[in-house]
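An overview of the molecular structure
So the chains spell out like this:
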Amino acid sequence: MDKWLRNTNVVRIVALVVGILLWVVVHMEETNLSGNSPLREREETINNVAITTKYDETHYHIASMSPANVQIILKGKEASVKKVTTSNTYQIELDMTQVGKGDHQLTLKPVGFPSDVEVQVVPRMVHVIIEELQMKEVPVVINVKGTPAAGLKAGQPIVKPAKVYITAQTSKLEQIENVRGEVSVDKAQSAVTKQVRLQAYDKDGKEITVNMNPSVVDVEVPITSPFQTIPLQLKISGEPPKGFAISMVTQNPDKVTVYGTQDVVDKLEFYQGPQLSVQDVKETKDYSLDIPLRNKVTQLDPAKVTVRVEIVPSITKALENVPITIIGQNESYLTKVITPESAQLNLTVEGAPAIIDQMKVQDVQAILDVSNLPPGKHELKVTLNLPTYVKLGMPQDVKAVVEISEKTPKPANSASPGSSASPANP
């Protein structure tokens, strides 16, 4: 080995080889640095980067933000810049947690970038308008679609809850006309129950997207026979004995809901309830009566009525000169009341003090019906229409005599005295 090292030619050859190797190494490093070397400085531009907002979404709303996207310019080592461009871990953040409603100019903040990468945001600031959210309670409207099975009718929807809370900016709340849902009852034979998603609408029927609580409600649509609610009429028969009178009759309910086919229900203006006899009743009484089914009505709600009849000691009052009214006259005849001559009656009426004290002659109708009667004299019963719960002071038949006769024809026009016919021409 020593011999080799003492040989000058060998040392020269080794030195030449080492020099060549050093040149190759240095040349490769320069090539890497000038090409794709991770140590090389690099600048990269990324356009249309979305801004990530950070704020209290339960109390505020961003009405507008300009611009909504920005440009970022990255500077740094190529390896670090490449990590940014090949991943989505970075954000351009707009922090609004320390500001309230109003008009603001705020600075954007790069988040999630490598520490050795310089980030330039263009533009650096944005213009933001923040509105405060308001809450409004709105009733729910359910639209019932379709037609139930034959002979049945959809009732008023039952909604739980009947109102919902909407949270939105004031400008949007003012646009809301109502909150609606829809239920189909097509061909239904029984109550339809379902959960319904709600949607807010403006006055033009356009949907408005808002935060609604709850956004789904429980709805039940009753399916029944056609019905309507009409007055309930009671029929009072008989009278308390002499010395007593009805002062008031009260009933509960005073209306009843009747069910049946549509043609039956539509014809009813009132419903004739039970008949109650107060014959010989001397004291106030309470009654509970069944309401009978009539006129093809299939169901009543309620099916009972409670009645209170107040009985009080009665008083009497004399009414003089009650005029007799004749009805049913034939225009070809004269009809005249001959008994009584005045064609007026003197009556004594009896009833509760509160009613009798207020009575006047005008409150009584005395009617004489002469329909289809021939000429001559006729004794007829006078029909008396008295106020409710008022009776005659003593039971009696009130009669009158009428005379029916032919009308006297008017004499024909005759020539005036002293006048003569004109002579005929010769």
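For the chain, an unreviewed UniProt entry supplies the name YbbR-like domain-containing protein YbbR and the organism Paenibacillus ferrarius.

With that out of the way, let us pick up the overall build of the chain. Helix and strand counts for the chain come out as six helices and 33 strands. A burial count over the chain gives 31% of its 426 residues as buried. Within the chain, contacts between residues separated by at least 24 positions form 70% of all contacts whose residues are at least 6 apart in sequence. For the chain, the computed accessible surface area is about 27,800 Å², with 50% contributed by carbon and sulfur atoms.

For the rest of this paragraph, the subject is the pattern of salt bridges. Any two side chains of opposite charge can pair, given that their charged atoms come close. For the structure on display, the rule yields 10 salt bridges. A salt bridge links K101 to E132, with the shortest nitrogen-to-oxygen separation between them at 3.8 Å. Here E132 lies in strand β8 (residues 125–145) and K101 lies in the loop between β4 (91–95) and β5 (102–107), a separation of 31 residues in the sequence. Across the pair R308 and D286 runs a salt bridge, and its minimum N-O distance is 2.9 Å. In this pair, R308 is assigned in strand β25 (residues 304–313) and D286 in strand β23 (residues 285–290), connecting sequence segments 22 residues apart. We classify R308 as partly exposed; its relative accessible area is 36%. Three or more residues joined by partner-sharing salt bridges are found here, namely R40, R42, E44 and E78.

Before going further, it helps to spend a moment on the packing of aromatic side chains. A full pass over the atoms with the stated rule returns two aromatic pairs. Between F227 and Y259 the ring centres are 5.3 Å apart and the planes differ by 40°, which places this aromatic pair in the tilted class. One end of the pair, F227, is in strand β19 (residues 227–237); the other, Y259, is in strand β21 (residues 255–259), with 32 residues separating them in the sequence. A residue is classified by how much of its surface remains accessible, and Y259, at 12% relative accessible area, is buried. One residue, K153, lies across the ring of F227, its end atom 5.2 Å from the ring centre. Stacked on the ring of Y201, the Lys or Arg R180 has its end atom at 3.9 Å from the ring centre.

With that settled, the discussion passes to the sheet that holds strand β13 (residues 192–197). Taken in spatial order, the three strands line up as β10-β17-β13 in an open sheet, and their pairing is antiparallel. Looking at which strands have only one partner, the edges of the open sheet turn out to be β10 (158–160) and β13. For this sheet, the mean angle separating the axes of adjacent strands, direction not counted, is 25°. Examined bridge by bridge, β10 and strand β17 (residues 216–221) share three bridges and lie antiparallel to one another. Following the sheet pairing, K160 is matched in β17 by D218.

Next up on the list: the environment of P313. Looking at the secondary structure, you find P313 in strand β25. On the accessibility criterion, P313 (58% relative accessible area) is exposed. Taking the C-alpha atoms as reference points, P313 and K242, 71 residues apart in sequence, are found 9.0 Å from one another. Once residues within four sequence positions are removed from consideration, P313 is found in contact with G243, F244 and P353.

Across the sheet, five strands lie side by side as β6-β4-β1-β3-β7; this open sheet has mixed pairing. Every other strand in the sheet has two partners, leaving β6 (109–111) and β7 (118–122) as the edge strands with one partner each. Across the sheet, the mean angle separating the axes of adjacent strands is 35° when strand polarity is ignored. When strand β3 (residues 69–77) meets β7, the two strands line up antiparallel, connected through five bridges. Among the inter-strand pairings, I73 is bridged to a residue of β7, identified as Q120.

Rules behind the numbers
- Residues numbered from 1 in each chain as written.
- Predicted model: local features only at pLDDT ≥ 70, side-chain atom pairs only at ≥ 80, totals over all residues.
- Heavy atoms only, no water.
- Helix = DSSP H or I, 4+ residues; strand = E, 2+ residues; numbered from the N terminus.
- Buried < 20%, exposed > 50% of the residue type's maximum accessible area, 1.4 Å probe, protein only.
- Contact = heavy atoms within 4.5 Å.
- Areas by Shrake-Rupley, 256 points an atom, 1.4 Å probe, with all protein chains shown as cover.
- Salt bridge = Lys/Arg side-chain N within 4 Å of Asp/Glu carboxyl O.
- Phe/Tyr/Trp six-rings, centres within 6.5 Å; stacked < 30°, edge-to-face > 60°.
- Lys NZ or Arg CZ within 6 Å of the ring centre and 35° of its normal.
- Pairing = 2+ DSSP bridges.
- Axes fitted to C-alpha atoms, helices over the stretch in contact; angles between N-to-C directions.

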